[in-house]
Amino acid sequence: MSISTTLKRLKVSLRASNYPKGKLTGHNPTSAQVCLHKYGCWYVHIQLKSETPKPQKTTNVIGVDFGRRDLAVTSTGKSWSGKEIQKTRDKYSRVRASLQKKASQGTRSSRRRARQILKRLGGRAGRYQAWLNHNISTAIINDAKQTQSFVSIEDLTGIREQTNSKPRNKTERRRSNSWAFYQLRTFLEYKGIKEGIEVVAVNPAYTSQSCHCCLHIGVRTEKKFKCSNKVCGWIGDADENGSKMIALLGASVSRPRGSELLSCAIAQGLPKAPTIALA
Ligand SMILES: [Zn+2]
């Protein structure tokens, strides 16, 4: 690599693993930044442009419900438990709390030691979360690719601003304020672009309360959903119903005429909504 500085032109050799080397082969970088990282190493961040496949037009859809009980549940029946990450988060916050106490109360040397460990731990929980989000998003995009579907998710952004106008429960506040779900969404979106899978975001307002069979408002307890429409009476897993509702809404977004019917049905609470076929 050749860098021009105010003094002279520097020639430095790059130390890179095979993966970035392979990416660079045959490409012309469009831009790059030279950065000094916190442990004293110099890094160069190189940007490449590549062609992405055109998103396929398809009527198949996979709905993804974000973390009520699980981190993510798909309408195809896959789910990722939130237990492990919650345990990890709790563990780190306990360790941090005890170290922070030591850092302010202990002897001089133990205070210094505690500060060092705190520094090392910083970011570890975040890296675990990112790793998990990569796993989840890759699996969902792979599923979509295999079944030639597009992906429908809840649009959780903007809910934060409406906090005062719409009373919400603790879980929903946590979901919309959590960077982890925001990250999962951005991962899904960029992986989708890369693979030619469309990712649409739908309004989450009714996804947890409406029955995916008849669009009637139902009763939701922690894990179960019960449709209050006597004709339908669907009972089942609440997250499964949520993800199917999201899939349904996503399908109506990609087909504009269905959208009108659906939102109209939800607004009026029609006993039997027009059938919207899911391919
Ligand atoms: Zn129903």
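Bear in mind that the values here come from a model prediction, so they are computed numbers and not experimental data. (Residues numbered from 1 in each chain as written. Predicted model: local features only at pLDDT ≥ 70, side-chain atom pairs only at ≥ 80, totals over all residues. Heavy atoms only, no water.)

Moving on, we get to helix 3 (residues 108-121). Taking 1.5 Å per residue as the helical rise, helix 3 with its 14 residues ought to reach 20 Å, and the 20 Å between its terminal C-alpha atoms agrees with that figure. Within helix 3, burial applies to Ala114, Leu118 and Leu121. Seen end-on, helix 3 carries its buried residues on one side only, within an arc spanning 65°. More than 90 degrees from the buried face of helix 3, the exposed residues found are Arg108 and Lys119. The elements touched by buried residues of helix 3 are helix 2 (83-105) and helix 4 (124-146). In the stretch just after helix 3, Gly123 is the one whose phi turns positive, near 90°. (Helix = DSSP H or I, 4+ residues; strand = E, 2+ residues; numbered from the N terminus. Expected span 1.5 Å × (residues − 1). Buried < 20%, exposed > 50% of the residue type's maximum accessible area, 1.4 Å probe, protein only. Arc of directions from axis to C-beta. Contact = heavy atoms within 4.5 Å.)

Once that is clear, we can look at the coordination of the zinc ion. Every protein donor of the zinc ion is listed here as Cys211 (SG), Cys214 (SG), Cys227 (SG) and Cys232 (SG), and their distances to the metal cover 2.2 to 2.4 Å. Its 4 donor atoms give the zinc ion angles of 94 to 114° at the centre, a pattern that matches the tetrahedral case. The motif formed by the donor residues of the zinc ion, counted along the single chain, is C-x2-C-x12-C-x4-C. Using a relative accessible area of 1% as the deciding quantity, one classes Cys214 as buried. (Donors = N, O, S within 2.8 Å, 3.2 Å for Na, K, Ca; no water. Tetrahedral: all angles 85-135°; square planar, octahedral: opposite > 155°, others 65-115°.)

Using the criterion set out here, one finds 7 salt bridges in the structure. In this structure, Lys145 engages Glu195 in a salt bridge whose closest nitrogen and oxygen atoms are separated by 2.7 Å. Here Lys145, found in helix 4, pairs with Glu195, found in helix 6 (residues 179-195); they are 50 residues apart in sequence, far enough to count as distant. Residue classification places Glu195 among the partly exposed positions, given a relative accessible area of 29%. When the shortest N-O distance is used, the salt bridge between Asp155 and Arg185 registers 2.8 Å. Of this pair, Asp155 sits in the loop between strand 8 (150-154) and helix 5 (170-177) while Arg185 is found in helix 6, placing the two residues 30 residues apart along the sequence. With a relative accessible area of 25%, Asp155 lands in the partly exposed category. A single network of salt bridges, built from pairs that share partners, joins Asp155, Arg185 and Glu189. (Salt bridge = Lys/Arg side-chain N within 4 Å of Asp/Glu carboxyl O.)

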